[in-house]
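So you can see what is in the structure, the chains are spelled out below.
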Amino acid sequence: MEETPRTPVITIGLNSGQATFDYAMTELKNLVEANNMTVVEEIQQALTKPNPGTYFGTGKVEELAAIVIDDGVDTIVVNDELSPSQIRNLEKVTKARIMDRTGLILEIFANRAQSREAKLQVQLAMLQYQLPRLHTSASQRLDQQTGSGGGGGFTNRGAGESQTEMSRRTIQRSINHVNHELKEINQAAATQRQQRERNQLPSVALVGYTNAGKSTLMNALVRQFGMNEEKQVFVKNMLFATLDTSVRQLTFPDQKKMLLSDTVGFVSQLPTQLVKAFRSTLAEAANADLLIQVVDYADPNKEAMMNTTEQTLRDIGVTDVPMITVFNKADLTETNFPSRAGDALILSAKDADSIDLLTQTIKEKVFHNYVTATFLVPFANGEVVAYLNDNANVLSTAYEETGTALKVELQQADFARFKQYVVTPSTND
Ligand SMILES: Nc1nc2c(ncn2[C@@H]2O[C@H](COP(=O)(O)OP(=O)(O)OP(=O)(O)O)[C@@H](O)[C@H]2O)c(=O)[nH]1
Ligand SMILES: [Mg+2]
């Protein structure tokens with residue numbers, strides 16, 4: 001495939017002495033590249049607080065205007081979310097288009113969204129971002145995506161593409177419309193979730209920073225324990241490859257079953273509009289019995305990425321779900337793998353022994369409430385024997401005069417359900 005030319009941009013950031021500043025600027029550069037643009041110059045100003053009118057101080061903005069001309073760029077990407085008037089003022093002085101961090105992330109999401117739900121969620125977040133920012137180029141840029149049809153191609157980045165801006169009322173009407181459509185989709189998803197909960201299968205969710213390898217781990221587990229092989233999820237070396245939640249059932253050789261979900265990755269300062277819009281997509285993590293935080297062990301910024309993930313989880317209200325941490329991509333480091341220390345694993349999604357260790361750890365965490373008991377099921381109740389064979393770990397079967405005797409390891413709920421056939425009391429193991 002032919003490479004599309006990348007739009008050159010200048011990135012700017014305010015250094016108020018925060019420890020994470022360098023990381024934030026690196027992340028911004030990665031986001032810029034993920035949006036098919038390239039950074040030609042990075043400019044920072046040491047200031048404790050942003051200038052309320054122009055973000056940078058007045059003198060620095062004048063300087064910026066000159067650099068824009070020197071570098072021959074027409075876009076400046078800002079490391080923070082700006083107020084509508086900051087965008088307007090900066091645009092006036094620099095004569096460049098200003099894109100703030102939020103607008104940038106929204107644009108990447110818009111380019112990546114595939115499913116109807118993801119497209120609507122992104123559209124909703126964009127409309128909410130646009131609403132207070134009418135009459136800025138930031139809004140015009142997004143117009144073509146939120147305008148009609150939703151999520152159409154976003155390819156023409158040149159000049160002269162701006163459409164008439166929607167009025168506030170039109171935007172508000174679109175927000176209502178998208179909200180309505182999302183509500184219908186969400187209801188269907190909630191019903192599915194309820195149905196699964198009724199099946200009482202434990203659920204495990206992969207979470208973590210974008211590009212850490214969540215989907216790759218999901219595929220490795222699905223290949224081994226999934227119901228059908230072709231249900232692989234999309235993996236790619238780019239930010240935000242996954243925007244939709246996928247849920248797959250895993251069945252282990254001992255008949256223990258669980259659900260595994262893969263979802264959208266995180267990045268620092270994930271726009272609140274997006275977090276809100278993706279709330280239902282992220283509900284899978286909130287409702288999980290176990291979270292697997294996936295970390296790119298080879299990335300020098302992994303600590304900051306973990307903080308980002310943990311902060312985002314708190315933001316979406318996920319506070320007390322048990323979590324294990326998978327330090328992935330160990331094959332790119334000098335560390336020996338796979339290894340485990342408590343709830344932390346060091347491994348590689350591309351290594352079979354690693355997947356074994358991960359499987360073992362997940363099973364230990366998720367199936368701790370299983371019990372072992374012996375049942376005597378009358379021959380007339382063959383359906384119970386069939387159920388146990390399909391849904392529990394049958395350790396032994398014997399045919400006696402009055403029925404089938406089964407020693408079984410099973411879920412507590414199933415134990416309660418067939419209590420009437422129990423001949424020896426349960427033991428926890
Ligand atoms: N070398 C190596 N590469 C890996 C490993 N795991 C994943 N990758 C690669 O890392 C890239 C990102 O993997 P994904 O599985 O798409 O990452 P993700 O966490 O799902 O990313 P998002 O969906 O964007 O949040 C892909 O190019 C994978 O092939 C690993 O253990 N070792
Ligand atoms: Mg993914």
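For the structure itself, consult the block above.
Residues numbered from 1 in each chain as written. Chains lettered and ligands numbered in written order. Predicted model: local features only at pLDDT ≥ 70, side-chain atom pairs only at ≥ 80, totals over all residues.

1. Let's talk about helix α4 (residues 101-112)
For α4, spanning twelve residues, the distance from its first C-alpha to its last is 17 Å, which sits close to the expected 16 Å at 1.5 Å a residue. By the criterion of burial, α4 is predominantly enclosed, with eleven of the twelve residues buried. Taken as a whole, α4 has its buried residues at Arg 101, Thr 102, Gly 103, Leu 104, Ile 105, Leu 106, Glu 107, Ile 108, Phe 109, Ala 110 and Arg 112. (Helix = DSSP H or I, 4+ residues; strand = E, 2+ residues; numbered from the N terminus. Expected span 1.5 Å × (residues − 1). Buried ≥ 20, exposed ≤ 12 C-beta atoms within 10 Å, placed from the backbone.)

2. So, the packing of helix α2 (residues 58-71) against helix α3 (residues 84-94)
Axes are the key here: two packed helices are described by the angle between their axes and the distance separating the axes. Taken N-terminus to C-terminus, the directions of α2 and α3 make an angle of 55°; their axes are 8 Å apart at the nearest point. In terms of axis orientation, α2 runs oblique to α3. As α2 packs across α3, the resulting crossing turns out to be right-handed. Where α2 approaches α3, its residues Val 61, Glu 62, Leu 64, Ala 65 and Val 68 are matched on the opposing element by Leu 90, Val 93 and Thr 94. A per-class count over the contact of α2 with α3 returns six nonpolar, one polar and one charged. (Axes fitted to C-alpha atoms, helices over the stretch in contact; angles between N-to-C directions. Parallel < 35°, antiparallel > 145°, perpendicular 65-115°, else oblique. Left-handed = near helix turned anticlockwise from the far one by under 90°. Contact = placed C-beta atoms within 7 Å. Nonpolar A, V, L, I, M, F, W, Y, C, P; charged D, E, K, R; others polar.)

3. Quick look at the site of ligand 1
Taken together, 23 residues are adjacent to ligand 1, and Gly 213, Ser 215, Asn 237, Thr 242 and Gly 265 come closest. Per-element accounting of the shell around ligand 1 gives the leading share, three residues, to helix α8 (residues 214-225). Here the residues of the shell around ligand 1 sort into eight nonpolar, ten polar and five charged. (Near = placed C-beta within 6 Å.)

4. A look at the sheet that holds strand β7 (residues 257-262)
Taken in spatial order, the seven strands make up an open sheet running β6-β7-β5-β8-β9-β11-β10, and their pairing is mixed. If you trace the sheet from one side to the other, it starts and ends with β6 (246-251) and β10 (339-341), each paired once. Across the sheet, the mean angle from the axis of one strand to that of its neighbour is 25°, orientation sign disregarded. Alignment of strand β8 (residues 290-296) against strand β9 (residues 323-328), held across six bridges, turns out to be parallel. Across the sheet, residue Val 294 finds its bridge partner in β9, namely Val 326. Sheet strands in contact with α8 are β5 (203-208), β6, β7, β8 and β9, and its direction is about 150° off that of β7. Lying on the sheet, helix α10 (residues 279-286) is in contact with β5, β6, β7 and β8; it crosses β5 at an angle near 120°. (Pairing = 2+ DSSP bridges.)

5. Side note on unusual backbone geometry
The omega torsion across Phe 337 and Pro 338 is -5°, close enough to zero to call that bond cis. Locating Pro 338 in the fold gives a position in the loop between β9 and β10. Phi at Gln 269 is positive, roughly 55°, even though this residue is not glycine. Structurally, Gln 269 is set in the loop between β7 and α9 (272-277).

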